[in-house]
Amino acid sequence: MMNQTILIVDDEQEIRELLRLYVEKDGYTVIQAGNGREALKQAAAARVDLAVIDIMMPELDGYQLIKGLREHSNLPIIVVSAKTENHEKILGLDLGADDYVTKPFDPLEVLARIKAQLRRYSGGAADSAAAVLTAGELCMDISVCSLRLGSAAIHLTATEYNMMKLFMQSPGRVYTKQQLYEAAWQETAIVDDNTVMVAISKLRAKLPGGSGVSIGTVRGLGYRLEVHP
């Protein structure tokens, strides 16, 4: 495993230290921040491969931090929060988080989710023979995990990238929510259907009208990538 850096952001030092112990024990480098403003400075000063973020923090909360990070990076983001309501989870995912874990948590579960997100983010080309996927004006370069519409780059989170990759491997094919969830999150059990719906909504918003490519809904079945003449 190459040396990868995890940013842990929480205003409770005990939680940061607990996660640090488990994450460093597994060979990762850890940097810490006690609030969102400090975390943005850390992310700007060092190469960060993944961020674990609390929501309720002083100065700059987790939601604002996610928005700030997403302005410049598509690194994987895992929210670890005491907020358990579905609308809070949906908001976090909608802003750009890739995963959401509620407190109290098992540190081993968080570590497993960190590994899963890093595998998803960095292992794109290994499991596909095609280096480039195309659908209409969309072009996905798997070797560098990038998506372009014509000459314009489309910035995706790790989960969005994996979902779009599945769509582009077979344009027109209908995928169920279960299949999309397994491809994007690499887990077999959907905790909440809204998770997939939020991801689909975000992908649609990133495909501008008139581009000739859209994500269609097939009622009762699922979703497909549609290429229009």
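Residues numbered from 1 in each chain as written. Predicted model: local features only at pLDDT ≥ 70, side-chain atom pairs only at ≥ 80, totals over all residues. Heavy atoms only, no water.

A.B. asks: Account for the packing of aromatic side chains, naming residues and giving values.
C.D. replies: By the definition in use, this model includes two aromatic pairs. Geometrically, the ring pair formed by Phe 167 and Tyr 175 is edge-to-face, given 5.9 Å between the ring centres and 75 degrees between the ring planes. Of the two residues, Phe 167 and Tyr 175, neither departs from the other in class, the shared state being buried. A centroid spacing of 5.0 Å and a plane angle of 20 degrees characterise the contact between Tyr 181 and Trp 185, whose relative ring orientation is stacked. Here the residue Tyr 181 and the residue Trp 185 both occupy positions in helix α7 (residues 177–185), the gap between them amounting to four residues, near one helical turn. (Phe/Tyr/Trp six-rings, centres within 6.5 Å; stacked < 30°, edge-to-face > 60°. Buried < 20%, exposed > 50% of the residue type's maximum accessible area, 1.4 Å probe, protein only. Helix = DSSP H or I, 4+ residues; strand = E, 2+ residues; numbered from the N terminus.)

A.B. asks: Break down helix α4 (residues 86–95) for me, with residues and values.
C.D. replies: Turning to α4, its buried residues are Glu 88, Gly 92 and Leu 93. Viewed along the axis of α4, the buried residues span an arc of 130 degrees, placing them on a single side of the element. At the exit of α4 stands Gly 96, carrying a positive phi of roughly 130 degrees. (Arc of directions from axis to C-beta.)

A.B. asks: An account of the confidence of the model for the chain is requested, with residue identities and associated values reported.
C.D. replies: Looking at the chain as a whole, the pLDDT averages 87, with 93% of positions reaching at least 70. Within the model, pLDDT remains below 50 along residues 124–129, and this stretch shows eight contacts once partners closer than five positions in the same chain are excluded. (pLDDT = per-residue confidence, 0-100. Contact = heavy atoms within 4.5 Å.)

A.B. asks: Kindly report on the pattern of salt bridges, identifying the contributing residues and their values.
C.D. replies: All told, the structure shown has 14 salt bridges when counted by the stated rule. Ionic pairing is found between Lys 83 and Glu 88, a salt bridge with its closest N-O pair at 3.7 Å. What emerges from the salt-bridge pattern is a single network uniting Asp 10, Asp 54 and Lys 103. (Salt bridge = Lys/Arg side-chain N within 4 Å of Asp/Glu carboxyl O.)

A.B. asks: Got a sec to walk through the sheet that holds strand β8 (residues 146–149)? Specific residues and values, please.
C.D. replies: Spatially, the four strands line up as an open sheet ordered β6-β7-β8-β9, and their pairing is antiparallel. Every interior strand has two partners, whereas the edge strands, β6 (132–135) and β9 (152–154), have only one. With direction set aside, neighbouring strand axes in the sheet form an average angle of 25 degrees. Contacting β6, β7 (138–141) and β8, helix α6 (residues 158–169) crosses the sheet at an angle of about 115 degrees to β7. (Pairing = 2+ DSSP bridges. Axes fitted to C-alpha atoms, helices over the stretch in contact; angles between N-to-C directions.)

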